Every structure is written in C-alpha cells, then in structure tokens.
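Structural overview
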Amino acid sequence: MTASTDAPTVSHHELASAVRALAIDGVEQAKSGHPGLPLGAADIATVLFTRFLKFDPAEPFWPDRDRFVLSAGHGSMLLYAILHLIGIEGLTIDELKRFRQLDSKTPGHPEHFMTPGIETTTGPLGQGLATSVGMALAERMLAAEFGEGISDHRTYVLASDGDLMEGVSQEAIALAGHLQLSRLIVFHDDNGISIDGPLSLADSVDQVKRFEAAGWRAERIDGHDPEAIADAIRRAQDSDRPSLIACRTTIGLGAPKKAGTSKAHGEPLGAEELAGAKASMGWTYPPFEVPEHIRRGWRVVGERGAPLRAEWTRRADALDPDRKAEFGRRLNRERPQRLGSVFAELKAKLAREPQTVATRKASEIVLEAVVPAMPELVLGSADLTPSNNTKTAGYDPIHPGSFGGRYIHYGIREHAMAAAMNGIALHGGFAPAGATFMVFTDYARPAIRIAALAGIPVVYIMTHDSIGLGEDGPTHQPVEHLAALRAMPNLTVYRPADPIETAECWELALTRLDGPSLLALSRQGLSPARRDGGPENRCATGAYELSPAEGEAVATLFASGSEVEIALAAQAQLKERGIAARVVSVPSLDLFLAQPEEARRALVGEARIKVAVEAAVRFGWDAVIGPEGHFVGMHGFGASAPAKELYRHFGITADAVAEQVLRSHNG
C-alpha cells in the first residue's frame, strides 16, 4: 500500500520552490548551514513527499508509515522546510527562523530526539544510509511475524556523494543487497561536488555499477525532472531488490555564481546570490513567507495520510486479541512481564550450580534462558558467532528474502552491524543485540555514538575483552577501549565477573530503554565470585562490596570482570599476612560514578590504601581510588602469549596486588 501518486493541484514547481525558499532563508538567517543540497535536491524530495510517501503529520510515528531518512544530514533545512509545510505539530515558521539556535527544533543536523518527524539522527556521513538498512530489515521481519496488513511500508533515503564515499556505505549496501531488502530505495544526490571542489578530485566510482555489483537495482536519471523521478520510483517499488536512483542534480541550483560549485555547499549564499536564486525560480515573496495557495497545496499532501492510517488502525484492531496485545507491547517497548522471573530463576540456579566459565559463555547461558521469554530479542554477530556465543538453540537465522528468523549474520561488517541495530531499534518491534570482539568497537564506534546521543536502546556484546584473549596478540587485545567507551556519555558499559553478575548485567541492559548498553565479556574461564542468587540486582548501582574485611579494613581492592578473582585471591593472601582488606566488585564504573556522592563515599570507604585492578589502562579509575591510589593493570599494549603467562608478564596478579598493599602499609 502506498500513498496516492496523483499530482497535487498546485504545480510541482511551486511546491518545490517553497521548500527551496524556506531552506535558504533559514540558512541565511542563521548565517550558518548548507544551502546547496536543498536547492539541488528539492525536486526529488517534493516528488517523493507529494506523490509517494505514506505518512500522516497528525501522527508522525504511526507504525506503518514509510520512513524517510536524510542521510545527507547537512542538508537538514530541506527536511525541516517540508515537515513544516506538511503540518508537523511544533515545527512552526518561528522554528525555521531559529535554525541552528540553542534549544530550537531545527538543529544543524537532524536529531531524532529533538524534532518530530525525524526518523534517525544523521550528520556523520554514511550513518543514515546504514541505519536505514536496519529499518528496512525490521519492516520485513515485522511483516513475517504479524502479516503484510500490519507491516507494509518502505524506507527511502536521500544520500549524498559523501555518504557513498564513507566506508560504512559499502558494508551497508552489501548487507542490504545480500538480504534482498526490496523495500529500501535510496536516492543519490549526484551533484558531483564535495567541500574541496569537484568530486573528480578524489573519486571516480560509477555508483550505479557499484550498487549493481552489490545486488541492487540501479539507474541514473535527471534529478530535476519530476516525471523522470516519479517513473524511477515506480520502477523501484516494483523491484525485487533494493534500489538506487542516482539523480543527477546541480548543487545550489539557481544561485548565479555559486550553483554547481563547492561554494554552495557549506556556507550561506549571501544576499546577492540568495536574491538571484529566488529570481531564477520566480519566487518574489519576503523571507519565510509562503503564499496561502502553496501552503494549502502542501497541507493537502499532508492530509492524504489520515485515511491510510485509519485503514491500518482498523486492520490492527482486528488482530486476534493476544496478537494485538503483543504487537502493542513490542511497539511500546514494554518488556515481557515474566522477564524478571526468568532472571530470578536463572540466578538461583547459577547460585545452586556454580560454574567456572568465561563470561562470554555465561552470556550464552543467559541468552538460552531469556530468548524463549523475549520474542523481540534479535541477536547477531559480525562473523564471530562461535566466539561470541550469541546463537542460542532454536534461533533461526534470517536469509535473503526470508525474514522469519531472529538471528542476523552480519558478515565482517562491524560498522554496518551497529548502524543497522540502531535502525532496527528505531523502527520498533524489536530489541537488537549484536556482537564482535571488544577491540573492534573501534570499527563500530560512530554508530555506537549515534545510539548514545539519540538514546537508542541497543545492546553490544563485546567478547575477548582484555589480554586474557591470549595468543592473538596486541592487535586483538583491548587495553584502552574500556576507558574510551566509558568516556562516551549515555553509553553504559558492563564488565561482569562471573555468571551471576553476567545475568544481572544482561537484565539491566535489556530493561534500559533510554540508551545503549555494552557488555565486555571474557574469553578465559573465571571462577564464580558470587554464590548469592537473591532477587536484588547488586550490579544495579555499578559497584558493591563483594567480600568484606574481617575487622577494620586497611585496604580496599576494587576490580571489574576477570580481575575480580585476582582481587579475591589477593585479599586471601593479605589475610594470611594479618592485613584486613575488602573487595569491591565494579561491574559498571559508569553506573557507580552516577550514584549520589554520599553513596559513592560510603562504598569507597575509609580504608587508607586503595587499589584498582583491571587488565586495561588506568584512565577513569582515579575517580574511585584518587590520584594517590594504586593501580594494577596495563600501561601499554599487550603481547602474544597464553593468557596466564601474559597476566604474569604484565604484573596483573594477586601477588602484585598484595605487594602494593604491603608496600603502602609498611611504608
């Protein structure tokens, strides 16, 4: 089902000119922004919105709307102008006048969390395109589960030359082509210009052939011919593959001197060029003024979606009551009621039957218990499934053209995986979790940052989290990654020490709805640190006293993950020497540092000697142990050797921890 393809009574030229005029007025008023893309791509966007896109401004996030992603986020005034014209509530003309101003709904790049009608935060080039792959995949998965009458929409993307030059675009288009995501249609704003000048300075790729090689249907058209654009969209809608429509356009169309040059890209046109651009399209109205008949033409476009939404609502209401309730729960991101009892039962079992396993294996144990209770959980891995332990029994993979499974083989595409997970979560109906080695968060980091910025609830399963991975050596051994990831606002990093902590961290990650979570998991087996399986989630505050001192504590040992067992062994050694020490497990330094100051001080305690133990760099730990505290961990890159040998070589041992305490105590 699609929106009407009948042309509105107001001419295409008038409708597109209104978009162009508002866009360049906003950039000019802000004295900042990118006028070139709105001038060049307005024809594409106008044809799409007026003749094809299924949406309802009265309910901009209704589930079966078409998605439009402006991957070329620098051209944001194009989208703001259209959202204003179709009648999105709150996106007033005053908001357009406040483009790029503090607390406006028209920030420099589209922000999903700030502006109604924005499907995803874009700006870093390539992110929108890669995120849209997840949206298109989620649409097909939802259709496979609830039927075409409930999920029957398309994902459209406007991408720039820069989007297609970014490496993540190759990962994304290869994945979409492989999966035959035929509901994904990408418009390439093929204007041949980048910031430095002509695109030919740095690039000579034939994008049509490139996309065809990745399994897409692709063609090249005149991006200023509305009928050519409309015909190309119809052909794309009929395709059994994702489609690229390369639209040859002129950046800064109509600007007398700047059109077709890099000068139109990232700076206001200036009064003379702005006047010339408006004159070229016959626009004689004052800044931010749109004649009533053109405004009405755009509002009519917006009003067309209401009957489509009403019809969809009737179909959704006709679902079996249980299916309707399940669909609503999933779309509202409400976790299953029995999820809490699943974790409680699992923790009790792990306490009764303690196991010495790697936390990546503990994670698999958790997933085996959770998957039957949480049908929206979508798992996957960047070609490391056997190492990440992410595929549970009975979880079928997704195949090209077959979307009933819940496991995604992303291939060796960490960046596209993380971006697609954002798209799956933003689409609604699913809770994605994806895995790779911890060191490869470097490849995924831009998409992780978007998730943190936009508050997207995804879970990253990052295994092989330290030198404990052993022989693969320093290229694969993360040492600075924990600190770097903990430094990212709104990303919660967990590093559990044993199966019970792993279960608790998973519970926290799956029930968090306002941002992403990352689990850093060990390759090597770890002794159980916890034997209590009670209902309290002790990891929820980020840190807790795992093993109290016998008597007044002389030292407090703080540790995370695989180093908790080292801290416990050091505590035992110190006890034999007559020195009382306590052990504090810190599964999430982020959560602990977010606790009230009084709570943090109480847990840190009054012991004079404080030692932190972690097979990573010190950065971040001074907030707990202070600059005078002692740190047992890494001070450089790792090496290639068996894990136990590496821990001895780098001095991350119980003996080393005890020695730090003894020197301080005797000094």
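In short, a report on the structure. Numbers given for residues are sequential positions, taken from 1 along each chain in its written order. The predicted nature of this model means local features are confined to residues of pLDDT at least 70 and side-chain atom pairs, given and counted, to a pLDDT of 80 or more, with totals for whole chains, interfaces and linings taken over all residues. To get the side-chain values, all heavy atoms of the structure are used, and hydrogens and water are removed first.

**Focus: the sheet that holds strand 14 (residues 544-547)**
On the basis of which strands lie adjacent, the open sheet formed by five strands has the order 14-16-15-17-18 and mixed pairing. Since the sheet does not close on itself, it has two edges, and those belong to strand 14 and strand 18 (630-633), each with one partner. With strand direction ignored, the average angle separating the axes of adjacent strands in the sheet is 30°. For two strands to be treated as a pair, DSSP must find no fewer than two bridges joining them. Secondary structure elements are defined from DSSP: runs of H or I of at least 4 residues count as helices, runs of E of at least 2 residues count as strands, and each element is numbered from the N terminus. In terms of strand pairing, strand 15 (residues 555-559) meets strand 16 (residues 581-585) through five bridges, oriented parallel. By the bridge assignment, leucine 557 is partnered in strand 16 with valine 583. Helix 23 (residues 597-604) contacts strand 14, strand 15, strand 16 and strand 17 (609-614) of the sheet and is inclined by roughly 135° relative to strand 16. What counts as an axis is a line fitted to C-alpha atoms, over the stretch in contact for a helix, and the angles between N-to-C directions run from 0 to 180 degrees. The contact rule is simple, with two residues in contact once any of their heavy atoms fall within 4.5 Å.

**Some remarks on the pairing of strand 8 (residues 377-381)**
Burial analysis of strand 8 places five of its five residues in the buried class, the great majority of the element. Across three bridges, strand 8 lies against strand 9 (residues 407-409) in parallel orientation. Residue leucine 379 lies in a different strand from strand 9, and its bridge partner there is tyrosine 407. Burial classification: accessible surface area is computed with a 1.4 Å probe over protein chains only, and a residue below 20% of its type maximum counts as buried, one above 50% as exposed, and the rest as partly exposed.

**As for the sheet that holds strand 11 (residues 459-463)**
Spatially, six strands are ordered 9-8-10-11-13-12 in an open sheet, and the strand pairing comes out parallel. Looking at which strands have only one partner, the edges of the open sheet turn out to be strand 9 and strand 12 (492-494). Ignoring which end each strand starts from, the neighbouring axes of this sheet average 20° apart. Pairing geometry for strand 12 and strand 13 (residues 517-520), over three bridges, is parallel. Residue threonine 492 lies in a different strand from strand 13, and its bridge partner there is serine 517.

**Section: helix 7 (residues 167-179)**
In this analysis, the expected span of each helix is defined as 1.5 Å times one less than the number of residues it contains. The end-to-end C-alpha distance of helix 7, which contains 13 residues, comes to 19 Å, matching closely the 18 Å that a straight helix rising 1.5 Å per residue would cover. Those residues of helix 7 not exposed but buried are Val168, Ser169, Ala172, Ile173, Ala174, Leu175, Ala176, Gly177 and Leu179. Elements in contact with the buried residues of helix 7: helix 5 (127-146), helix 6 (161-165), strand 3 (184-190), helix 8 (207-213), strand 9 and helix 17 (414-427). Glutamine 180, located one to two residues past helix 7, shows a positive phi value of around 55°.

**Overview of the nonpolar core**
Judged by nonpolar contacts, the single largest core of 70 residues is most densely connected at Leu137, Leu181, Leu184, Trp216, Tyr460, Leu491 and Leu518. If you tally residues by element for this core, the top one is helix 5, at 10 residues. The residues touching tyrosine 460, leaving out its near neighbours within four places in the chain, are Ala418, Met421, Asn422, Gly434, Ala447, Ile448, Ala451, Leu491, Pro516, Ser517, Leu518 and Leu519. Here, nonpolar core means buried Ala, Val, Leu, Ile, Met, Phe, Trp, Tyr and Cys residues that are tied together by side-chain atoms lying within 4.5 Å of each other.

**Here's the deal with the environment of arginine 304**
Within the fold, arginine 304 resides in the loop between helix 11 (292-303) and helix 12 (305-317). Between the C-alpha atom of arginine 304 and that of lysine 54, which follows or precedes it by 250 residues, the distance is 8.5 Å.

**Things to note about the packing of helix 1 (residues 12-30) against helix 11**
As a packed pair, helix 1 and helix 11 sit with axes 10 Å apart at the nearest point and diverge in direction by 100°. Classified by the interaxial angle, the pair formed by helix 1 and helix 11 is roughly perpendicular. Of the residues in helix 11, those in contact with Glu14, Leu15, Ala18 and Val19 of helix 1 are His293, Ile294, Gly297 and Trp298. Oblique is the label for any angle not covered by the other classes, which are roughly parallel (under 35 degrees), roughly antiparallel (over 145) and roughly perpendicular (65 to 115).

**Thoughts on the state of the cysteines**
Criterion for a disulfide: a pair of cysteine sulfur atoms at a distance within 2.5 Å. Enumeration according to the criterion identifies zero disulfides in this entry. Cysteine cysteine 505 shares no disulfide, and the gap to the nearest cysteine sulfur, in cysteine 539, comes to 4.1 Å. Since its relative accessible area comes to 0%, cysteine 505 is described here as buried.

**Some details on the side chain of arginine 486**
Among the secondary structure elements, arginine 486 is positioned in helix 19 (residues 481-486). Identification of polar contacts relies on pairs of N or O atoms within 3.5 Å, with a donor-acceptor requirement for protein atoms, meaning one able to donate a hydrogen and the other able to accept it, and with residues adjacent in sequence counted only if both atoms are side-chain atoms. At a separation of 2.8 Å, a polar atom in the side chain of arginine 486 contacts the side chain of glutamate 614.

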